[in-house]
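Chain and residue survey
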Amino acid sequence: MTSAQVDTDDTDKAPEEGYERGLNSRQVQMIAIGGAIGVGLFLGAGANIAKAGPSIILMYALAGVIIFFIMRALGELLLYRPVSGSFAEYSREFLGPFFGYFTGWTYWLMWVVTGMAELTAAAIYIHYWFPDIPQWVSALVFLVLLFVANLISVKLFGEIEFWFSMVKVTAIIGMIVIGVGVLTLGFSQAGDTAAVSNLWEFDGFFPKGIGSSLMTLQGVMFAYLAVELVGVTAGESENPEKTLPKAINTLPWRIALFYVGALTVILAVVKWTEFAEGVSPFVEAFTVIGIPAGAGIVNFVVLTAALSSCNSGMYSTGRMLRTLADNGEAPRVFNKLSSTKTPAIGIGVSVVFMAIGVVLNYLVPEKAFGYVTSVATAAGIWTWLMILISHVRYRRKVVAGRLPASSFPAPGGSVCSYIAIAFLLFVTCLIAYDADARVCLYVMAGWAAALGIGWAVLKSRNPQITERPGEPEFEKIG
């Protein structure tokens with residue numbers, strides 16, 4: 001069998017998963033763009049600015065480079081074998097069944113707790129207009145509405161994500177244009193104080209030291225969670241061979257514009273000392289500029305950003321549970337599709353667990369966001385590490401002539417993956433050093449123990465589950 005035949009066969013098998021290939025190029029592109037813009041930027045950036053000052057721009061840029069390495073590694077794997085299970089399937093193929101099982105469940109956990117964070121953020125934003133509504137009430141209402149939308153069809157999910165992303169993109173571009181206008185033309189009440197020199201005049205570019213800046217990397221990495229969602233869409237994209245590379249290759253300019261560009265303009269217009277935890281830097285910037293209506297509009301935008309991420313979480317958790325069920329690593333009931341070809345049962349169970357976020361908003365509304373973001377970041381780091389290690393293993397087999405080369409090879413081969421692995425391990429050490437964030441490592445240790453027990457039970461019931469999947473056969477060219 002030739003390498004071309006392997007690709008054809010894999011493509012033919014995809015529809016057998018039962019999903020509808022209902023995500024068109026327009027939707028996949030916007031899902032990819034929206035995945036790089038979330039509550040970590042709109043809300044979390046305020047706390048990071050307070051901790052690092054203008055140097056937070058450099059931290060987002062540095063993390064953005066690593067994210068691009070991760071996504072190009074994932075892109076090479078996706079074009080080698082595009083499947084809905086994505087990185088869980090690659091972990092299973094290149095590292096063994098246990099790692100596929102562990103990665104699938106951990107990615108599910110990541111999105112469940114991310115959904116909690118986004119619900120918390122959405123509830124905080126609602127306070128802007130309705131301060132008397134309890135956070136938990138808003139969180140519950142949003143949870144129910146998004147759950148219903150996800151049950152209807154993947155096309156509706158894609159369309160909702162398209163417009164959510166369009167709102168976010170338009171808002172950030174508008175913020176940049178207005179900010180540049182303030183800096184160059186000096187209009188508005190911020191015109192007298194806005195200056196590029198604000199990036200270094202108030203105690204320098206690193207006002208609290210390089211160490212404090214590095215400690216923000218854990219929060220910065222949370223902002224990038226969801227960029228890998230484009231990989232989960234592979235099984236439901238109309239033409240993954242064309243749409244996925246395009247979506248991944250546009251990532252650098254998205255990071256440069258939406259993170260580095262937007263934060264540079266904001267911190268030039270408003271000095272960094274004005275920002276605080278729990279306050280969106282975008283809302284603060286519009287307030288300082290003196291456009292009250294603009295602040296309300298931006299608050300609406302960041303609300304849609306939070307709902308967009310939660311919507312994506314429901315989508316991905318249902319698909320990942322179905323992948324686990326296909327491999328006998330989750331109850332078989334998760335394998336069933338509804339009449340609209342959505343994994344309704346998996347989505348429903350995930351929503352039940354996301355509802356824990358509603359409880360947290362009731363019990364500890366002031367700490368709910370911090371708790372869940374740290375756990376989500378730790379789970380995300382594991383997922384990214386599995387993508388990178390799977391990529392390194394895949395490259396070795398390609399070089400050895402045991403697997404066909406992907407049509408979308410990552411630049412630098414395995415070198416960039418090794419750099420990204422080292423960076424993620426460094427961020428993990430920072431999390432362990434931070435007393436407040438360290439709790440997520442305890443949670444992950446308990447999670448690992450629970451999954452280990454679950455794996456032992458699965459092995460006792462089905463010994464064949466530990467068998468490593470065979471490699472696709474092909475003729476070595478040349």
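Residues numbered from 1 in each chain as written. Predicted model: local features only at pLDDT ≥ 70, side-chain atom pairs only at ≥ 80, totals over all residues. Heavy atoms only, no water.

We now examine the overall build of the protein. In terms of regular secondary structure, the protein is built from 20 helices and zero strands. Counted over contacts in the protein with a minimum sequence separation of 6, partners at least 24 positions apart contribute 81%. Surface exposure of the protein reaches about 18,200 Å², of which carbon and sulfur atoms provide 67%. (Helix = DSSP H or I, 4+ residues; strand = E, 2+ residues; numbered from the N terminus. Contact = heavy atoms within 4.5 Å. Areas by Shrake-Rupley, 256 points an atom, 1.4 Å probe, with all protein chains shown as cover.)

Moving on, we come to the packing of aromatic side chains. Throughout the structure, instances matching the rule amount to 20 aromatic pairs. When the centroid spacing of 5.2 Å and the interplanar angle of 80° are considered together, the rings of Trp108 and Phe353 count as edge-to-face. Separated by 245 residues along the polypeptide, Trp108 in helix H7 (residues 97–126) and Phe353 in helix H17 (residues 344–363) bring together distant segments of the chain. Trp108 sits in the buried class, given a relative accessible area of 5%. Overall, the relative accessible area of 38% leaves Phe353 in the partly exposed class. Ring geometry for Tyr224 versus Tyr259: centroids 4.7 Å apart, planes at 40°, classification tilted. With a gap of 35 residues between them, Tyr224 in the loop between helix H11 (217–223) and helix H12 (229–232) and Tyr259 in helix H14 (residues 251–269) connect regions that are remote in the sequence. Tyr259 shares its class with Tyr224; the two are buried. In textbook terms, an aromatic cluster arises when at least three aromatic residues are bridged by ring pairs, as seen for Phe98, Phe99, Tyr101, Phe102, Trp382 and Trp455. (Phe/Tyr/Trp six-rings, centres within 6.5 Å; stacked < 30°, edge-to-face > 60°. Buried < 20%, exposed > 50% of the residue type's maximum accessible area, 1.4 Å probe, protein only.)

Orientation of helix H5 (residues 56–80) relative to H14, taken along the N-to-C sense of each, is 170°, at an axis distance of 10 Å. Considering the angle they form, H5 stands roughly antiparallel to H14. Where H5 approaches H14, its residues Ile56, Ile57, Tyr60, Ala61, Gly64, Ile67, Phe68 and Met71 are matched on the opposing element by Leu251, Pro252, Ile255, Tyr259, Val260, Leu263, Thr264 and Leu267. Here the residues of the contact of H5 with H14 sort into 14 nonpolar, two polar and no charged. (Axes fitted to C-alpha atoms, helices over the stretch in contact; angles between N-to-C directions. Parallel < 35°, antiparallel > 145°, perpendicular 65-115°, else oblique. Nonpolar A, V, L, I, M, F, W, Y, C, P; charged D, E, K, R; others polar.)

Confidence in the prediction of the protein, expressed as mean pLDDT, is 81, and 85% of residues score 70 or more. Predicted confidence in the protein is weakest over helix H1 (residues 3–13), with a mean pLDDT of 37, and strongest over helix H19 (residues 414–433), with 95. With pLDDT under 50 throughout, residues 473–478 is counted as low confidence; its partners more than four residues away or in other chains account for 15 contacts. (pLDDT = per-residue confidence, 0-100.)

A few words on helix H20 (residues 439–461). With 23 residues, H20 should reach 33 Å at 1.5 Å per residue; the first-to-last C-alpha distance of 34 Å fits that figure. Looking only at H20, the buried set comprises Cys440, Met444, Trp447, Leu451, Trp455 and Leu458. (Expected span 1.5 Å × (residues − 1).)

Moving on, we get to the side chain of Glu284. Along the chain, the position of Glu284 falls in helix H15 (residues 281–289). Lys271 provides the closest opposite charge to the buried, unpaired Glu284, separated from it by 11 Å. For Glu284, the contacting residues outside a window of four places in its chain are Glu274, Phe275 and Val279. (Lys, Arg positive; Asp, Glu negative; His and termini not counted. Salt bridge = Lys/Arg side-chain N within 4 Å of Asp/Glu carboxyl O.)

Between H7 and H20, the shortest axis-to-axis distance is 11 Å and the interhelical angle comes to 135°. The angle between H7 and H20 places the two elements in the oblique class. Pair H7 / H20 crosses with right-handed handedness. Residue-level inspection shows Pro97, Phe98, Tyr101, Phe102, Trp105, Thr106, Trp108 and Leu109 of H7 in contact with H20, the latter providing Met444, Trp447, Ala448, Leu451, Gly454, Trp455 and Leu458. Considered class by class, the residues forming the contact of H7 with H20 number 13 nonpolar, two polar and no charged. (Left-handed = near helix turned anticlockwise from the far one by under 90°.)

Looking now at the pattern of salt bridges. Between side chains of opposite charge, a pair can form when the charged atoms approach closely. A complete count under the given rule lists four salt bridges for this structure. Residue Arg395 is joined to Glu76 by a salt bridge in which the shortest nitrogen-to-oxygen separation is 2.8 Å. Highlighted residues: Arg395 in helix H18 (residues 368–399) and Glu76 in helix H5, separated in sequence by 319 residues. Between Arg92 and Glu329 there is a salt bridge, and its shortest N-O distance comes to 2.4 Å. A residue pair is termed long-range when its members are at least 10 positions apart, and Arg92 in helix H6 (residues 87–95) and Glu329 in the loop between helix H16 (292–326) and H17 qualify at 237 residues.

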